[in-house]
Amino acid sequence: MTRTGRKVAIWGLCVFCALYGWTAATHLVNDSASTALHEDCKDDKSCSLNGICSKGTCVCDQGWKGSACATLDFAPAEKKTGYRQININGEGNLSSWGGAVLYDNTTDTFFMWATELAEHCGMHTWTTNSQTIRASSKDPQGFYTREAVQFPVWTHEVDVIRGNNGEYVAYMSYHVPSPYPFCKTCTDGSTDPNCKKALPLIEDSDPTYMSWTSTPRGNWSDPVLVMMAKPEMDINMAPVILPNGSLVGMWRNHNPGGHHSTPHPVLATDWKDPSTYTWTEEQLFDDKDVPGGIEDMFLWVDKRGKFHALFHVMYGCGEHNTCGGHAFSEDGRRWRWGGTAYTGLVNFTDGTSYDFPYVERPHLVFDKDGVTPVALTNGVKPGWGADGDQSFTLLRPLHA
């Protein structure tokens, strides 16, 4: 693929040939694994809680690097990994938009739940054609093979986490059966122009539901409403469930001021009981600390019991700029912004690289122990503007 200004070849012509033989820039950024040192750390917070402060220097945990252990330590990526459905069974390309991955020790398998655009459409139909699929891989850094539709149209931006008794718990924007017009005339992972003319704006009516199961391939519970029937927008709910069954997490809207996406806290005393969920509009970060709007939160608890979050930084992604931010907390309530976690520049094992202009929906992939990060997934679009329709779920491995 060759970029001309901010243009990229359309998928049906060359976007996915890029994934298997790009002509993009071949410069590489030095992402070699090394222990990051912060010469004047005072405590572990100086190391973004991604390492320990030892005798005045930060020693970063696996998967992190930089002066304050705030930057993900990527290894070169394989192009045929993640969730990329390209001409599967001769049926045409399928666009997808990020995936949550969890390990199941019973089957010794890593499972991914990803947003997929039904009927071979592109991201321009996300408000009408989004569904949730399940895929799997024996290798956490490998290619994830599509297994089934887990939640039908219309479901979007699923986050799947573990419950306090080992359950698999999904939170998602959910309208089933879908009340929206459905595009059925796409063929190659991009959106039929005739469908674009009829797409509704539904960001003011995206309720969030929760469903759970004891096994990834088992029967999921009937989804239940956890967030108001008509929120302001899709709330990107991102929680963690604690050992006592309580929940701490984030959701977002455009308050205060209505000018950009802003995360807020959500708490629950019992994750299975929607009546215990408490939603507030407390602002978790000062505007002066955060680079514009942030969304697509992903939360986790590390091996020391500390809380972390990744975000999509909405403005300026691509062209070597910040696409993902990191924040950390000792209790899941009071958060501190850590800075840039990653950009859109991806280096590949064949020596090529590409600077993606859209890098959203971050999810860390953890090893079998559930706490050691081994990869990052994102929903990405290779093209800009009108070409930013075809998409896939990128996986970038982290250095061991």
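Calculation rules
- Sequence order as written defines the numbering, with residues in each chain counted from 1.
- Reporting of local features is limited, given that this is a predicted model, to residues whose pLDDT is at least 70; pairs of side-chain atoms are given and counted only at 80 or more, and all residues count toward the totals for whole chains, interfaces and linings.
- Derived side-chain values reflect all non-hydrogen atoms in the structure, with water molecules and hydrogen atoms excluded from consideration.
- Starting at the N terminus, helices and strands are each numbered in turn, a helix being any DSSP run of H or I of at least four residues and a strand any DSSP run of E of at least two.
- For each residue, the accessible area found with a 1.4 Å probe, counting protein chains only, is set against the maximum for its type, and the residue is called buried under 20%, exposed over 50%, and partly exposed in between.
- Should any heavy atoms of two residues lie within 4.5 Å, those residues are considered in contact.
- Here, Shrake-Rupley sampling with a 1.4 Å probe gives the accessible areas, and only protein chains in the shown set may cover a residue.
- Residues adjacent in sequence count toward polar contacts only when both atoms are side-chain atoms; beyond that, a polar contact is any pair of N or O atoms within 3.5 Å, and within protein one must be able to donate a hydrogen and the other to accept it.
- The predictor's confidence in any single residue is recorded as pLDDT, a number from 0 to 100.
- A cavity here means a set of points on a 1 Å grid, drawn over the protein atoms and nothing else, where a 1.4 Å probe fits but cannot get out; a pocket is an open set with protein on both sides within 12 Å along at least five of seven lines, and a residue lines either one if it has an atom within 4 Å of a point.
- Grid points are joined across faces, edges and corners, and a volume is the space filled by probe spheres set on the points.
- Throughout, the ten residues Ala, Val, Leu, Ile, Met, Phe, Trp, Tyr, Cys and Pro are labelled nonpolar, Asp, Glu, Lys and Arg are labelled charged, and all others, Gly among them, are labelled polar.
- Whenever a pair of cysteine sulfur atoms sits within 2.5 Å, that pair is classed as a disulfide.
- Nine residue types can take part in a nonpolar core, namely buried Ala, Val, Leu, Ile, Met, Phe, Trp, Tyr and Cys, and a core is a set of them joined through side-chain atoms within 4.5 Å.
- In short, DSSP must find at least two bridges between two strands for them to pair.
- Interaxial angle, 0 to 180 degrees, is taken between N-to-C directions of lines fitted to C-alpha atoms, where a helix line uses only the stretch in contact.

1. Some remarks on the overall build of the protein chain
Line of reasoning, step 1. Each helix and strand counted, the protein chain has three helices and 25 strands in total.
Line of reasoning, step 2. The burial tally for the protein chain puts 58% of its 400 residues in the buried class.
Line of reasoning, step 3. A fraction of 57% describes how many contacts in the protein chain between residues 6 or more apart in sequence connect residues 24 or more apart.
Line of reasoning, step 4. With an accessible surface of roughly 15,600 Å², the protein chain has 51% of that area assigned to carbon and sulfur atoms.

2. Brief notes about the side chain of glutamate 295
Line of reasoning, step 1. Locating glutamate 295 in the fold gives a position in strand β17 (residues 294–301).
Line of reasoning, step 2. Looking at glutamate 295, its side chain comes within polar contact range of the side chain of arginine 252, at 3.1 Å.
Line of reasoning, step 3. In this structure the side chain of glutamate 295 is engaged in a polar contact, spanning 2.8 Å, whose partner is the side chain of histidine 312.

3. As for the confidence of the model for the protein chain
Line of reasoning, step 1. Scored by pLDDT, the protein chain has a mean of 86; 84% of the residues are at 70 or more.
Line of reasoning, step 2. Across residues 1–38, where pLDDT falls below 50, the model places 106 contacts with residues more than four positions away in sequence or in other chains.

4. Describing empty space enclosed by the protein
Line of reasoning, step 1. Scanning the model with the defined rule gives three cavities of 30 Å³ or more in all.
Line of reasoning, step 2. A volume near 70 Å³ is recorded for the largest cavity.
Line of reasoning, step 3. Lining of the largest cavity is provided by His260, Ser261, Thr262, Pro263, Gln283, Leu284, Phe285, Asp286, Asp287, Val290, Gly292 and Ile294.
Line of reasoning, step 4. For the lining of the largest cavity, the per-class residue count stands at five nonpolar, five polar and two charged.

5. Here we look at the state of the cysteines
Line of reasoning, step 1. Per the stated rule, a full pass over the model turns up six disulfides.
Line of reasoning, step 2. At a sulfur-sulfur separation of 1.9 Å, the disulfide partner of cysteine 47 is cysteine 58. Residues cysteine 47 and cysteine 58 are joined by a disulfide whose S-S torsion is about -95°; by sign, that bridge is left-handed. Taken as a pair, cysteine 47 in the loop between α1 (11–21) and β1 (51–54) and cysteine 58 in strand β2 (residues 57–60) lie far apart in primary sequence, eleven residues in all.
Line of reasoning, step 3. We classify cysteine 58 as buried; its relative accessible area is 0%.
Line of reasoning, step 4. Between cysteine 60 and cysteine 69 runs a disulfide, and the two sulfur atoms are separated by 2.1 Å.

6. Points about the nonpolar core
Line of reasoning, step 1. Counting residues in each nonpolar core, the largest one holds 28 residues, and the members touching the most others are Leu72, Leu310, Tyr342, Phe356 and Leu364.
Line of reasoning, step 2. Looking at this core, the elements that each hand over two or more residues are β2, β17, β20 (336–343), β23 (358–366), β24 (373–381) and β25 (392–397).
Line of reasoning, step 3. The greatest single-element share of this core, amounting to three residues, is contributed by β23.
Line of reasoning, step 4. Core analysis: the second largest hydrophobic core is formed by 17 residues, Ala238, Phe285, Ile294 and Phe311 among them.

7. Thoughts on the pairing of β1
Line of reasoning, step 1. Judged from the four bridges that link them, β1 and β2 form a sheet pairing that is antiparallel. By the bridge assignment, serine 54 is partnered in β2 with threonine 57.
Line of reasoning, step 2. Between β1 and the antiparallel strand that follows it, β2, lie two residues; lysine 55 among them carries a positive phi value of about 55°.

8. Comments concerning the layout of surface pockets
Line of reasoning, step 1. There is about 700 Å³ of room inside the largest pocket.
Line of reasoning, step 2. If you go around the largest pocket, you meet 30 residues; those closest to its centre are Leu102, Ile161, Arg162, Val301 and Gly370.
Line of reasoning, step 3. When residues of the lining of the largest pocket are traced back to their parent elements, those giving at least two are β5 (96–104), β9 (155–162), β13 (238–241), β17 and β23.
Line of reasoning, step 4. Here the element with the most residues in the lining of the largest pocket is β5; it accounts for five residues.
Line of reasoning, step 5. Of the residues contributing to the lining of the largest pocket, the split by class is 19 nonpolar, five polar and six charged.

9. Comments concerning the sheet that holds β25
Line of reasoning, step 1. Spatially, β23-β24-β25 is the arrangement adopted by the three strands of the open sheet, whose pairing is antiparallel. Where the open sheet ends on each side, the last strands, each with one partner, are β23 and β25. Here the average twist between neighbouring strands, direction ignored, is 25°.
Line of reasoning, step 2. Sheet topology note: the β24/β25 ladder contains six bridges and is antiparallel. When the sheet's bridge partners are listed, leucine 376 is paired in β25 with arginine 396.

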